[in-house]
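Listed below are the residues making up each chain.
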Amino acid sequence: MVSSQVVNTYPLSSYTFGTKEPKMEKDTSVADRLARMKVNYMKEGMRTSVEGILLVQEHNHPHILLLQIGNTFCKLPGGRLKPGENENEGLKRKLTSKLGANSPALVPDWQIGECVAIWWRPNFETIMYPYCPPHITKPKECKKLFLVHLSEREYFAVPKNLKLLAVPLFELYDNVQRYGPVISTIPQQLSRFQFKMITN
Amino acid sequence: MKWFTISTSRHDTNKVVCGTHPLGGMPTNCRRRRRRSATALHDPNSGNDDQSLEFDIYPLSSYYFGSKDAFPSKYLTSADRVLRMKSNYAARGIRTCVEAVVLVELFKHPHLLLLQIRNSIYKLPGGRLRPGESDTDGLKRKLARKLSIIEDGDGSEWEVGECLEMWWRPDFETLVFPCLPPNVKQTKECIKVFLVKLPESRKFIVPKNMRLLAVPLCQVHENHKSSSGLIRQPLLVSILSSCGVQTQTCIYHIFDTKNYTVMLKITACIILASSPLVVSRHRLVCVIAFIRKIIL
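All of these numbers come straight from a predicted model, not from anything done at the bench. (Residues numbered from 1 in each chain as written. Chains lettered and ligands numbered in written order. Predicted model: local features only at pLDDT ≥ 70, side-chain atom pairs only at ≥ 80, totals over all residues. Heavy atoms only, no water.)

*Asks:* Describe the overall build of chain B, and please don't skip the residues or the numbers.
*Replies:* When you go through chain B residue by residue, the secondary structure sums to 8 helices and 10 strands. Residue burial in chain B is summarised as follows: out of 296 residues, 45% are buried. Restricting the contact set of chain B to residue pairs at least 6 apart, pairs at least 24 apart contribute 67%. Summing over all exposed atoms, chain B offers an accessible surface of approximately 16200 Å²; the carbon and sulfur share of this is 53%. (Helix = DSSP H or I, 4+ residues; strand = E, 2+ residues; numbered from the N terminus. Buried < 20%, exposed > 50% of the residue type's maximum accessible area, 1.4 Å probe, protein only. Contact = heavy atoms within 4.5 Å. Areas by Shrake-Rupley, 256 points an atom, 1.4 Å probe, with all protein chains shown as cover.)

Structure follows, in structure tokens:
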């Protein structure tokens with residue numbers, strides 16, 4: 001009997017949210033970001049990114065925590081790994097950098113779950129695929145999405161220039177225009193998990 | 001706003017402001033197409049593989065494909081299917097379907113085995129579970145019935161892996177969702193998609209009224225993009241067929257790449273690698289020139 005994996009989701013009111021100093025983007029435009037990616041590719045080879053899917057529940061429906069930059073752009077917390085860095089440690093470092101408080105005592109103890117999606121960037125462009133295209137021998141980026149299991153109570157410190165949104169799964173589904181192809185397919189990738197809605 | 005905004009004012013750092021819950025809760029931009037992507041495949045090009053799932057895929061040529069007697073096909077229209085689902089739901093409750101993702105390798109790219117019915121309907125092999133049947137046993141029974149020569153076998157030769165996706169049908173219509181909307185009290189159908197591991201060689205016996213296709217992942221992903229490629233597809237199919245190339249699967253590689261130089265190389269490699277005939281140099285030059293004329 002193949003059983004689905006159970007993911008505990010706690011109410012949004014269990015978590016406390018604070019602010020910290022702003023964390024500015026390294027690039028001001030998409031072209032700058034792709035140019036910097038090309039420069040880094042020359043130095044370090046293929047870029048590996050990790051992103052975390054943090055789940056909360058509200059009205060018995062799972063919601064995903066997204067970071068919003070400006071008024072339109074949403075992204076998952078995470079970022080690029082350093083060369084030779086372990087995926088779990090890198091994701092913990094990035095989650096602490098994005099959502100952890102400055103005081104080490106308040107930083108959550110991140111529990112990295114399983115990898116739910118792998119995306120590939122074939123060229124120095126914005127398009128990404130959930131597979132490595134057959135004619136690409138050297139992909140430029142590999143992005144891995146991990147499920148992050150939150151404990152019952154956490155404190156998140158959000159940078160001042162970002163907004164933390166709790167978006168329901170039905171809002172993300174098939175909404176490529178607003179969230180992009182990576183985030184809008186998360187409901188399909190998470191559909192094999194059973195969400196245990198825990199209320200206070 | 002349709003979702004909860006977590007923001008803090010400058011003076012109350014620990015205060016959480018939550019917006020109202022969206023009314024209705026139905027997802028926007030609903031489409032009838034279900035997208036599938038095998039997201040847990042291992043690729044040797046990836047540098048850091050701490051938690052990657054390794055999954056062995058064997059070449060398509062390792063498998064034998066035959067045919068058997070045609071199935072008694074249930075030619076149902078949409079209205080008939082809705083009525084049948086309603087009566088079955090009234091008799092037995094929620095309907096559970098299991099479907100199999102079977103992968104083979106062709107040109108070093110994973111291909112998905114799909115059953116084609118009546119030239120336009122593509123289905124994953126699988127079907128409805130019997131009441132009280134477990135997911136694994138039901139999927140093995142369905143795979144044995146549809147892809148094996150022994151229809152009444154228990155399907156013990158199939159190895160069912162992990163569950164990849166679950167889809168829910170909130171009503172008796174055609175729409176399915178990967179997550180249950182909060183306003184749905186009683187769902188009508190649950191579809192579970194499992195990964196099936198193939199051994200190194202296997203015989204596939206397909207009913208005569210169905211066709212078993214090996215579709216590459218790049219074709220399954222964002223399938224609406226293939227409509228722009230359909231204009232050129234007959235020409236390329238005819239060109240490649242003249243060289244004896246099996247065009248059913250390799251045609252998709254050509255349309256999905258944007259680099260035309262790489263496209264020509266792929267075409268040449270496909271012709272040289274796949275053709276059972278001896279391709280003369282003159283014919284190869286003509287084919288490449290013709291393809292270049294079409295594309296450029």
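*Asks:* Go over the overall build of chain A, please, and point to the residues and values.
*Replies:* When its secondary structure is counted, chain A shows 5 helices and 11 strands. Expressed as a percentage of the 200 residues in chain A, the buried residues total 57%. Counted over contacts in chain A with a minimum sequence separation of 6, partners at least 24 positions apart contribute 73%. Of the roughly 8200 Å² of accessible surface on chain A, 50% is carried by carbon and sulfur atoms.

*Asks:* Go over unusual backbone geometry with me, naming the residues and quoting the values.
*Replies:* All names here are of chain A. For histidine 59, which is not a glycine, the phi torsion comes out positive at approximately 55°. Position of histidine 59 relative to the elements: it lies in the loop between strand 3 (47-58) and strand 4 (61-69). Classification of histidine 59 by relative accessible area gives partly exposed; the value is 48%. Even without being a glycine, asparagine 60 presents a positive backbone phi close to 60°.

*Asks:* How would you sum up the pattern of salt bridges? Please name residues and give values.
*Replies:* All names here are of chain A. As enumerated under the stated definition, the model contains 9 salt bridges over all chains in all. Across the pair arginine 93 and glutamate 85 runs a salt bridge, and its minimum N-O distance is 2.9 Å. In this structure, the salt-bridge partner of glutamate 87 is lysine 144, at a minimum N-O distance of 2.7 Å. Placement of the pair is glutamate 87 in helix 2 (residues 87-99) and lysine 144 in strand 8 (residues 141-149), with a sequence separation of 57 residues. Relative accessible area serves as the criterion here: at 1%, lysine 144 is assigned to the buried category. Sharing partners across several salt bridges, the network here consists of Arg47, Arg121 and Glu141. (Salt bridge = Lys/Arg side-chain N within 4 Å of Asp/Glu carboxyl O.)

*Asks:* Give me the environment of leucine 195 of chain B: which residues, what numbers.
*Replies:* Residue and element names in this part refer to chain B. The topology assignment puts leucine 195 in strand 8 (residues 189-197). Since its relative accessible area comes to 10%, leucine 195 is described here as buried. When the C-alpha atoms of leucine 195 and glycine 161 are compared, they prove to be 5.0 Å apart, with 34 residues separating the residues in sequence. Non-local contacts of leucine 195, meaning those with residues more than four positions away in its chain, are made with Phe55, Val101, Leu103, Glu159, Val160, Gly161, Glu162 and Leu164.

*Asks:* Explain the layout of surface pockets residue by residue, including any values.
*Replies:* Residues and elements named next belong to chain A. Taken as a whole, the second largest pocket holds about 1300 Å³ of empty space. Lining of the second largest pocket is provided by 39 residues; of these, Glu25, Arg33, Arg47, Phe73 and Lys75 occupy positions nearest its centre. With 6 residues, helix 4 (residues 176-184) is the single largest residue contributor to the lining of the second largest pocket. Class assignment of the residues belonging to the lining of the second largest pocket gives a composition of 13 nonpolar, 8 polar and 18 charged. (1 Å grid on protein atoms, 1.4 Å probe; cavity = no way out; pocket = protein on both sides within 12 Å on 5 of 7 lines; lining within 4 Å. Points joined across faces, edges and corners; volume = space filled by probe spheres on them. Nonpolar A, V, L, I, M, F, W, Y, C, P; charged D, E, K, R; others polar.)

*Asks:* How would you sum up the pairing of strand 4 (residues 109-117) of chain B? Please name residues and give values.
*Replies:* All names here are of chain B. With 9 of 9 residues buried, strand 4 lies mostly within the body of the structure. Neither face of strand 4 is exposed, since His109, His111, Leu113, Leu115 and Ile117 on one face and Pro110, Leu112, Leu114 and Gln116 on the opposite face are all buried. With 4 bridges joining them, strand 3 (residues 95-106) and strand 4 adopt antiparallel strand pairing. Each bridged residue has a counterpart across the sheet, and for valine 104 the counterpart in strand 4 is histidine 111. Hairpin connection of strand 3 to strand 4: 2 residues between the antiparallel strands, including phenylalanine 107 at a positive phi of 55°. Looking at chain direction, strand 4 and strand 5 (residues 121-123) are connected through 3 bridges and run antiparallel. Paired with leucine 115 across the two strands is lysine 123, which belongs to strand 5. (Pairing = 2+ DSSP bridges.)

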